[in-house]
Amino acid sequence: MKRTWWKEGVVYQIYPRSFKDSNGDGIGDLRGILEKVDYIASLGVDIVWLNPIYESPNKDNGYDISDYENIMREFGSLDDFDELLAAFHARGIRLVMDLVVNHSSNEHPWFTESRSSRESPKRDYYIWKPGRNGGPPNRWEACFGGSAWEYDPGTGEYYLHLFTPEQPELNWENPEMRHAVYAMMRRWFERGVDGFRMDVITLLSKDPSYRDLEPGEGMFAPTAPYIYGPRLHEFIREMRREAIDGFDAMTVGEAPGTTIENAVELVGEDRGELDMAFQFELMGVDYVAGDKWKQRPIDLVEFKTIIERWQVGMFGKAWNSNFLMNHDQPRSVSRFGDDRRYRVQSAKALLALDLSLCGTPYVYQGEEIGMTNVAFPSIEEYRDIETLNYYRRAVEGGAAPERALASIHYMSRDNSRTPMQWDASRNAGFSGARPWIGLNPNYPELNVERAEADEDSVLHFLRRMIRFRKDHLCLVYGDFELIARDDPALFAYFRDDGSERLLVAINMSSGEARLPADIADARSLTRLALLLSSAPRGAGRPADALMPWEARVYKVG
Ligand code: GLC
Ligand code: CA
């Protein structure tokens, strides 16, 4: 595959609201990020993705944008933005913005005009329909609960919102609206940004039938009538032509409903659409029947098989983006690792996994120090609209509040949104004031300052792993061959790019794991050179057995 910076780069995702507060109002901001630019550079990452920083009433923390061309007042100004961008560029780091154009805020002037009358010239910027039998136009549901249609008494029609009612869907059938979006994108590129992460990009085109879902068809099923709709590829190609070509940009689509087959169409190397996409198959590994609030234990064999399917299925055709968490997911170490006894070891193992797969690796703020899920004792402490809606519906539906809360402790998006833990001082060094959302009470022990001081910390391991990946392009471009498929503890694979062959072996358990017998026999072991281990320095390390959550990389040959 062709070599490019966004394939070889490591991405660091920042959730600005929770990263660093510079002015003591309890809310993270751009100048806070600016204070930490050297820290970010010290990780060795090449690209930073910022969650939305545009003007927003914050019904969904910035995913409801009321002005695409200005910075949210709480986060700072365009001058702050320019300074931050320059600071990243001066350190060789590229900046990728979030692009949220499936919907806007209901406070965007486009929507205000659109809802003002049926004759408004902007009426068609959004999706309006008359009701059906005294109810909404169809039975589509919103992602955060309730009908996806909201009645507007002023004009007597319903508008579509697949998320909250404050996030009306933009109508991509309208060319004027589309071109306004492209012009906006070009202005950000001209300002110097290096790419976009495109929010729920697979939802842009709605099937004109507006048919109801079939029984059992999940909201984000690949077949749902608003997923990979009939004009999606046309819209993306147009966007590419009108807004992206000519800039040295990276694009990553957030792509619910993506299978290998449709991923290859959206991000195939020669398709002229997007560079890569986030797909969520792995994130469903602990759901019951597609429901994130009903959880089951993770089966490592299934976990490995999903990763293998994407590694092998995309190879040579399209580029993967690899992540184990983001701002919508629980903390990776609490979900896939062991956040108690083996917190440090398992956080390292997971980073070793993320950074040793084919595709671009994403690391989310706090993952580099192994931050964990939080378990607020009361629903009052939660902030996320999805969590709050779930709790209300569950309890109204008769669920025991403790049960609903237990599910929230495991899965809530707020797990990843508690403030970044910088040091052991008041408010974890995040802010001089009480933060907008509570801190994880483990910050006095678990913070960046401590991790910096400990050679065996997750943080130092991430730096080492990033350097290792850069020194071994085989990890970026090589093919992937899973071994020991049925081993319930070991995750092991070969990576091979024709000039180098590596064996990655990760113990994904709190017990022992052994290399497969054929690899561990004396003759084969002599052909393996251990290049990297995540175990603490000085730990006595048997040749064929891995310590709990240890990750190793061997050179084969
Ligand atoms: C994406 C975002 C999520 C947001 C939703 C609606 O999934 O990652 O945070 O709530 O889109 O914009
Ligand atoms: Ca602030």
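Quick caveat, the model's predicted, so the values are computed rather than measured.

Q: I keep staring at helix H9 (residues 300-314) and nothing clicks. Help me out?
A: Since one α-helical turn is 3.6 residues long, residues separated by three or four positions face the same way. Over its 15 residues, H9 extends 21 Å from the first C-alpha to the last, a length consistent with the 21 Å expected when each residue adds 1.5 Å. Buried residues of H9: Leu300, Phe303, Lys304, Ile306, Ile307, Glu308, Trp310, Gln311, Gly313 and Met314, and no others. Next to the buried residues of H9 lie helix H8 (260-267), strand S14 (319-322), helix H11 (343-354), strand S16 (479-483) and strand S17 (490-496). Here H9 starts with a cap whose side-chain oxygen sits 3.0 Å from the backbone nitrogen of valine 301, and that cap is aspartate 299. Two residues or fewer past H9, glycine 316 is found with a positive phi of approximately 80°.

Q: How should the coordination of the calcium ion (ligand 2) be read in this particular structure?
A: Geometry sets the ideal angles at a metal, namely 109.5 degrees for four tetrahedral donors and 90 or 180 degrees for six octahedral donors. Looking at the metal site, the calcium ion (ligand 2) is ligated by Asp21 (OD), Asn23 (OD1), Asp25 (OD), Ile27 (O) and Asp29 (OD), spaced 2.2 to 2.3 Å from it. For isoleucine 27, a relative accessible area of 10% translates into the label buried.

Q: Looking at this structure, how should I read the site of ligand 1?
A: Near ligand 1 you find 14 residues, and of these Asp60, Asp199, Glu254, His327 and Asp328 are the closest. The contact in question runs from an oxygen atom of ligand 1 to an N or O atom on the side chain of aspartate 60, over 2.6 Å. A distance of 3.0 Å is found between an oxygen atom of ligand 1 and a side-chain nitrogen or oxygen belonging to arginine 197. Surface burial for ligand 1 is 96%, taken as the share of its 310 Å² of free accessible area covered by protein chains. Residues that form the shell around ligand 1 fall into these classes: four nonpolar, three polar and seven charged.

Q: Even after reading the chapter, I still don't get the domain arrangement of the chain, so can you show me in this structure?
A: It is common to give the size of an interface as the accessible area lost on bringing the parts into contact. In terms of domain boundaries, the chain breaks down into domain 1 (109-160) and domain 2 (476-556). Measuring from the centre of the C-alpha atoms in domain 1 to the corresponding centre in domain 2 gives 56 Å.

Q: What am I meant to see in empty space enclosed by the protein here?
A: In this approach, a probe sized like a water molecule rolls over the atoms, and the result shows the empty space that is left. Taken as a whole, this structure holds five cavities of 30 Å³ or more when the rule is applied. The calculated volume of the largest cavity comes to roughly 170 Å³. At the level of elements, H9, S14 and H11 are the ones that each hand at least two residues to the lining of the largest cavity. The leading source of residues in the lining of the largest cavity is H9, at four residues. The residue makeup of the lining of the largest cavity, split by class, is eight nonpolar, five polar and one charged. Size it by volume and the second largest cavity reaches roughly 50 Å³. The wall of the second largest cavity is formed by Tyr15, Pro16, Arg17, Asn51, Pro52, Asn58, Asn61, Gly62 and Phe75. In the lining of the second largest cavity, the residues fall into four nonpolar, four polar and one charged.

Reading the values: the criteria
- Residues numbered from 1 in each chain as written.
- Chains lettered and ligands numbered in written order.
- Predicted model: local features only at pLDDT ≥ 70, side-chain atom pairs only at ≥ 80, totals over all residues.
- Heavy atoms only, no water.
- Helix = DSSP H or I, 4+ residues; strand = E, 2+ residues; numbered from the N terminus.
- Expected span 1.5 Å × (residues − 1).
- Buried < 20%, exposed > 50% of the residue type's maximum accessible area, 1.4 Å probe, protein only.
- Contact = heavy atoms within 4.5 Å.
- Polar contact = N/O pair within 3.5 Å; in protein donor to acceptor, adjacent residues only side chain to side chain.
- Donors = N, O, S within 2.8 Å, 3.2 Å for Na, K, Ca; no water.
- Near = heavy atom within 4 Å.
- Areas by Shrake-Rupley, 256 points an atom, 1.4 Å probe, with all protein chains shown as cover.
- Nonpolar A, V, L, I, M, F, W, Y, C, P; charged D, E, K, R; others polar.
- Domains from an automatic or database assignment.
- 1 Å grid on protein atoms, 1.4 Å probe; cavity = no way out; pocket = protein on both sides within 12 Å on 5 of 7 lines; lining within 4 Å.
- Points joined across faces, edges and corners; volume = space filled by probe spheres on them.

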